[in-house]
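A closer look at the structure
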Amino acid sequence: MKTLSYLIRLLSVISIFIVCLGGIFRDDVGEQKYLDLANQKQFNSVGKVYNDTTFSGSCVYIHKRFFLTAAHLFIEYDEIPDTIRDEGKTIYTYRAENPHQVDISNFLIVINGEKLKIKNVIIHPNYLSEERSCDIALIEVEKKPASVKPARLNVDNDEFKSHVVGVGYGSSGPAGRPDLVGSYQKKIAGENVIDSISGPEYQGKPTLFYADFDHSSKDNCNKMGDSTPLPLEYISSGGDSGGGLFREKKGKWELIGITTGGGIDIQQFYQTFYYGQTAKWTRVSVFKDWIEENIP
């Protein structure tokens, strides 16, 4: 019975990770250092998105009245009744079709304690197409934040192997204790390295960054890049979607990515829990022209 109960808790954690993909941190370091990193002033541009009182994800302030986030935070689907025939039996189910933007009338952003009403959301058109790529969106609020400076956007295509810091809200906890992971909506920041740049192309350039969660003594955790974990190694998790990926270049911090999700390797999870999992971010530099075209 104890084994069954523990398995149920693990499966609930897995579902959180898959749905939302705020961060999973090293067991041997502790949460406070990740909280302290998130509270450094260069990451003040990261805020939270709400639908009325329901937390939806994260966002990054980039210019006057505009924020960047993940497009999927503002997408819903029509549920079409369907049936499946299996071994002579009919199973009644639903299929998701017609992705479209949600009603944004009750959406708002909370940043540095300030609530900002959302006026408009501009979703990248490729995300609504059949290919469902380019998980990025602009949020326009009714007034600019009073006490937050916008993040500087990276415009160079030199991100490979960059030492980065991801910042977001939502599910967090120690990587080896999934039973302690929960949707606490704490602002968590952690380190990683851009291990790979690939994914669907936009204007001839790959649109996604990938990184894995390395472990110092578990060889089977390394999926790409160097196997040595950083002092504050982390991986994004529930509620981090739309949050920022930053790097320091020539003494200045810049936004290079927007969290789009990750999914989970179930077999890896059974062996090492969150260690060895991978996450992905939408590459900001590729969308420089699109962002400029949609910001007055």
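Note that the coordinates shown come from a computational prediction; the quantities given were computed from them, not determined experimentally. (Residues numbered from 1 in each chain as written. Predicted model: local features only at pLDDT ≥ 70, side-chain atom pairs only at ≥ 80, totals over all residues. Heavy atoms only, no water.)

1. Description of the packing of aromatic side chains
Working definition: an aromatic ring pair is given by the centre-to-centre distance plus the angle between the planes. Considering all chains together, one arrives at ten aromatic pairs under this definition. Geometrically, the ring pair formed by Tyr61 and Phe67 is tilted, given 5.1 Å between the ring centres and 40° between the ring planes. Judged by its relative accessible area of 2%, Tyr61 is buried. Looking at Phe67, the relative accessible area reads 0%, which means it is buried. When the centroid spacing of 5.0 Å and the interplanar angle of 20° are considered together, the rings of Tyr202 and Phe287 count as stacked. (Phe/Tyr/Trp six-rings, centres within 6.5 Å; stacked < 30°, edge-to-face > 60°. Buried < 20%, exposed > 50% of the residue type's maximum accessible area, 1.4 Å probe, protein only.)

2. Description of the environment of Ala146
Inspection of the secondary structure assignment puts Ala146 in the loop between β9 (137-141) and β10 (163-168). For Ala146, a relative accessible area of 70% translates into the label exposed. Taking C-alpha positions, Ala146 is 41 Å from Asp226, a pair spaced 80 residues apart along the chain. (Helix = DSSP H or I, 4+ residues; strand = E, 2+ residues; numbered from the N terminus.)

3. Here we look at the sheet that holds strand β8 (residues 114-123)
Around the barrel, six strands lie side by side as β2-β3-β4-β9-β8-β7; this closed barrel has antiparallel pairing. The sheet shows a mean angle of 45° between the axes of neighbouring strands, direction not considered. Two strands pair when backbone bridges link them, and β8 and β9 are joined in this way by five bridges, in the antiparallel orientation. In the strand pairing of β9, Asn120 is matched with Glu140. (Pairing = 2+ DSSP bridges. Axes fitted to C-alpha atoms, helices over the stretch in contact; angles between N-to-C directions.)

4. Some points on the pattern of salt bridges
One pass over the structure, following the stated rule, counts 13 salt bridges. When the shortest N-O distance is used, the salt bridge between Lys186 and Glu31 registers 3.0 Å. Remark: Glu31 occurs in helix α2 (residues 31-38) and Lys186 occurs in the loop between β12 (182-183) and β13 (188-193); sequence separation between them is 155 residues. The exposure class assigned to Lys186 is partly exposed, which follows from its relative accessible area of 30%. (Salt bridge = Lys/Arg side-chain N within 4 Å of Asp/Glu carboxyl O.)

5. Focus: the sheet that holds strand β11 (residues 171-174)
Pairing is mixed across the open sheet formed by four strands, whose spatial order is β12-β11-β1-β16. If you trace the sheet from one side to the other, it starts and ends with β12 and β16 (234-235), each paired once. Pairing of strand β1 (residues 23-25) with β11, which is carried by three bridges, proceeds in the parallel orientation. Each residue of the ladder has a partner; that of Ile24, found in β11, is Gly173.

6. A short note on the pairing of β8
Alignment of strand β7 (residues 107-111) against β8, held across four bridges, turns out to be antiparallel. Along β8, the bridge assignment pairs Ile109 with Leu116. Between β7 and β8, which pair antiparallel one after the other, the connecting turn spans two residues, and Asn112 there sits at a positive phi close to 55°.

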